Amino acid sequence: MKYEVLTMLYNTDKYLSGETISKKLGVSRTAIWKYITLLRSEGYKISSATNKGYLLKRDYIPLTNYQVLQNYDGDTKLYFFNEVNSTNTKAKEIANEIIDNKALVYSRTQQQGRGRLGRTFLSNNQSGLWLSYIYKPTITPEKATIFTLAASVAVCKLLKKECQLDAKIKWPNDIIISGKKLCGILTEMSCEMDKINYIIVGIGLNVSQLSFDDSIKDIATSLYLETGQKYDRGLLIGGLCYNMDNVYEQIINNKIPDIISEWKKYALPMGQNIIIHKGKEQIEATTITINDSGHLMVREVNGEVNAYQSGEISIRGIMGYS
Ligand code: BT5
């Protein structure tokens, strides 16, 4: 019922009296007051004025299941939390319990967001999308790399459609705008020899940060910093879910080459000089392309051509972040 009240408030930009709402929904005005209180506790800003009623303010829209469901009616099962350590970790617990092939775990904030290779992803705030998709595809484990590429394509399409931003992908898992990192992706998997139990695709996208911690202030950016706009995180998650549904369909229908060719359209140009960090070793190389398995092909300084998987190396441009 509280969401019916919210829907009424959404449908007008004028004050709505308690009496109008209570007549329409057939409940008392005291009940309406309780629902308004509940909605405020979820973060909605609702002002009230004597003799006028209630008005929903649009300058800050909290992240709630309602916001996502207003923007997505597909078949991905949604698990929403106020706070978790890491949505990837939570997703693993949930993946072990559910039989669904597709689910999404998202949280307003996470205390210990994780990057690759044991790194930290700063996300202990309500300023971004911190979420993890769970999939149980019947494909073989060596094809799992495609999920990171597919998610990158899904994010870039979302940014183009909702924010008119031309984001670029930096292999394997970064989404870059103006040479800074807007979004990172962490794909993890539980598998047996020839069978995937589940894949978790974790996506962290900076939305409303005005500034960043000193440790990343030179390399990170947010949608707000890039566009000056405030975004409803529910709308972004809804759009992302549709895009993820599309790429997942492509993966299970054996259309991996289609994803790779789309990926190439969004990727930073190849031919860049990079440094590969492989354990303690550092190798200078030039990027060539990604192969049909989504591995990065590089020409190393000694002339050797090698293909690398995302989990085994970390790369840095010689000039700047990209
Ligand atoms: C990543 O790792 O970029 C993968 C990030 C995945 C985060 C999502 S959030 C939801 C889900 N739950 C999780 O626990 N994780 C996933 P990597 O390529 O290793 O990059 C990590 C590096 O990015 C750090 O060492 C910093 O340099 C930088 N970084 C940290 N926080 C950042 C932020 N908020 N924005 C941009 N860069 C950041």
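Note that this is a predicted model, so its numbers are computed, not measured.

Student: Could you clarify how one ought to interpret the domain arrangement of the protein chain in this entry?
Tutor: On domain assignment, one finds that the protein chain holds domain 1 (2–56), domain 2 (65–266) and domain 3 (273–320). Taking only C-alpha atoms into account, the centre of domain 1 sits 34 Å from that of domain 2.

Student: Got a minute to help me understand the sheet that holds strand β4 (residues 102–110) in this structure?
Tutor: Across a sheet, strands are paired by hydrogen bonds formed along the backbone, either parallel or antiparallel in direction. With respect to topology, seven strands assemble into an open sheet ordered β3-β4-β5-β9-β8-β7-β6, the strand pairing being mixed. Where the open sheet ends on each side, the last strands, each with one partner, are β3 (77–84) and β6 (168–170). The mean angle between the axes of side-by-side strands here comes to 20°, regardless of whether they run parallel or antiparallel. Relative to strand β5 (residues 128–135), β4 is paired through six bridges, and the arrangement is antiparallel. Each residue of the ladder has a partner; that of Ala103, found in β5, is Ile134.

Student: Sorry, what's going on with the site of the ligand here?
Tutor: Not every one of the 27 residues close to the ligand is listed here, only the nearest: Ser86, Arg114, Arg116, Arg119 and Lys181. Taking Leu122, its main chain carries an N or O atom lying 2.8 Å from a nitrogen atom of the ligand. The contact in question runs from an oxygen atom of the ligand to an N or O atom on the side chain of Lys181, over 2.6 Å. Protein chains bury 94% of the 790 Å² of accessible surface belonging to the ligand in isolation. Using a 2 Å cut-off from the grid points, one finds that the ligand occupies the largest pocket. Listing elements by their share of the shell around the ligand, those giving two or more residues are α5 (87–97), β5, β8 (180–191) and β9 (196–206). In terms of residue class, the shell around the ligand is made up of nine nonpolar, 13 polar and five charged.

Student: So what exactly am I meant to see when it comes to the state of the cysteines here?
Tutor: What we call a disulfide is simply a covalent bond connecting the sulfur atoms of a pair of cysteines. By the definition in use, this model includes zero disulfides. Not engaged in a disulfide, the cysteine Cys156 finds its nearest cysteine sulfur in Cys183; these two sulfurs lie 8.2 Å apart.

Student: Could you clarify how one ought to interpret the side chain of Asn206 in this entry?
Tutor: Along the chain, the position of Asn206 falls in strand β9. There is a polar contact of 3.2 Å between the side chain of Asn206 and the side chain of Gln209. Only 3.0 Å separates the side chain of Asn206 from the backbone oxygen of Thr221, close enough to count as a polar contact. Each residue touching Asn206, except ones within four places of it in the same chain, is listed here: Ser127, Gly128, Trp130, Lys181, Leu182, Phe212, Ala220, Thr221, Ser222 and Leu223.

Student: Sorry if this is basic, but what is going on with unusual backbone geometry here?
Tutor: Backbone phi values are negative for most residues with the exception of glycine, while trans is the configuration of most peptide bonds. A cis amide bond links Trp171 to the next residue, Pro172, at an omega of 0°. In this fold, Pro172 is placed in the loop between β6 and β7 (174–177). Backbone geometry at Asn51 places phi at a positive 70°, although glycine is not the residue there. By the element assignment, Asn51 lies in the loop between β1 (46–49) and β2 (53–56). Its identity as a non-glycine residue notwithstanding, Leu117 has a phi of 50°, on the positive side. Positionally, Leu117 belongs in the loop between β4 and β5.

Student: What is the right way to look at the layout of surface pockets in this model?
Tutor: Rolling a probe over the atoms, with the probe sized like a water molecule, indicates the empty space that remains. Reported here for the largest pocket is a volume of approximately 630 Å³. Every residue lining the largest pocket is counted, 40 residues in all, and those nearest its centre are Gly115, Thr120, Phe121, Leu122 and Lys181. Sorting the residues of the lining of the largest pocket by element identifies α5, β5, β8, β9 and β14 (314–317) as the ones contributing at least two each. Its residues placed into classes, the lining of the largest pocket shows 15 nonpolar, 17 polar and eight charged.

Student: Hey, could you run me through the packing of helix α6 (residues 146–163) against helix α8 (residues 233–252) in this one?
Tutor: Two packed helices can be described by the angle between their axes and the distance between those axes. Running from N to C, α6 and α8 point in directions that differ by 140°, and their axes come no closer than 9 Å. Taken together, α6 and α8 sit at an angle that is classed as oblique. Read as a crossing pair, α6 and α8 show a hand that is right-handed. From α6, Ile146, Phe147, Ala150, Ala151, Ala154, Val155, Lys157, Leu158, Glu162 and Cys163 reach across to α8, where they touch Leu235, Leu236, Gly239, Leu240, Asn243, Met244, Val247, Tyr248 and Ile251. Partitioned by chemical class, the residues of the contact of α6 with α8 number 15 nonpolar, two polar and two charged.

Student: Looking at this structure, how should I read the environment of Glu19?
Tutor: Inspection of the secondary structure assignment puts Glu19 in helix α2 (residues 18–25). In sequence terms Glu19 and Tyr198 are 179 residues apart; their C-alpha atoms lie 51 Å from each other.

Student: Help me understand the environment of Ile98 in this model?
Tutor: Looking at where Ile98 falls in the secondary structure, it is placed in the loop between α5 and β4. The sequence separation of Ile98 and Ile175 amounts to 77 residues, and the corresponding C-alpha distance is 30 Å. In this structure, Ile98 is in contact with Tyr79, Ala103, Ile134 and Lys136, ignoring residues within four places of it in sequence.

Cut-offs applied
- Once a new chain begins, its residue numbering starts again from 1 and follows that chain's sequence as written.
- Restriction of local features to residues with pLDDT of at least 70 applies here, the model being predicted, together with a cutoff of 80 or more for giving and counting side-chain atom pairs; totals for whole chains, interfaces and linings are based on all residues.
- With hydrogens and water set aside, each side-chain value is computed from the structure's full complement of heavy atoms.
- These domain limits were set by an automatic method or by a database of domain assignments.
- Following DSSP output, two strands are said to pair if at least two bridges run between them.
- Working definition: helices are DSSP H or I runs of at least four residues, strands are E runs of at least two. Numbering for both runs from the N terminus.
- With axes taken as lines fitted to C-alpha atoms, and helix axes fitted only over the stretch in contact, angles between N-to-C directions fall between 0 and 180 degrees.
- Residues are classed as near a molecule or strand on a simple rule: at least one heavy atom within 4 Å of it.
- N or O atoms closer than or at 3.5 Å make up a polar contact, with two conditions inside protein: a donor-capable atom paired with an acceptor-capable one, and, for residues adjacent in sequence, both atoms drawn from side chains.
- A 1.4 Å probe and the Shrake-Rupley method give the accessible areas. Residues count as covered only by the protein chains that appear here.
- Throughout, the protein atoms alone are placed on a 1 Å grid, and a set of points is a cavity if a 1.4 Å probe fits but cannot get out or a pocket if it is open with protein on both sides within 12 Å along at least five of seven lines; lining residues have an atom within 4 Å of a point.
- Put plainly, a molecule is in a cavity or pocket when over half of its atoms are within 2 Å of the grid points there.
- Here the nonpolar group is Ala, Val, Leu, Ile, Met, Phe, Trp, Tyr, Cys and Pro; Asp, Glu, Lys and Arg are the charged ones; every other residue, Gly included, is treated as polar.
- In plain terms, two cysteine sulfur atoms within 2.5 Å form what is called a disulfide here.
- Note on contacts: a residue pair qualifies if any of its non-hydrogen atoms lie within 4.5 Å across the two residues.
- Grid points are joined across faces, edges and corners, and a volume is the space filled by probe spheres set on the points.
- Orientation is classified from the angle alone, with under 35 degrees giving roughly parallel, over 145 giving roughly antiparallel, 65 to 115 giving roughly perpendicular, and any other angle giving oblique.
- Here is the rule for handedness: rotate from the far helix to the near one, and if that takes an anticlockwise turn smaller than a right angle the crossing is left-handed, while a clockwise turn gives right-handed.

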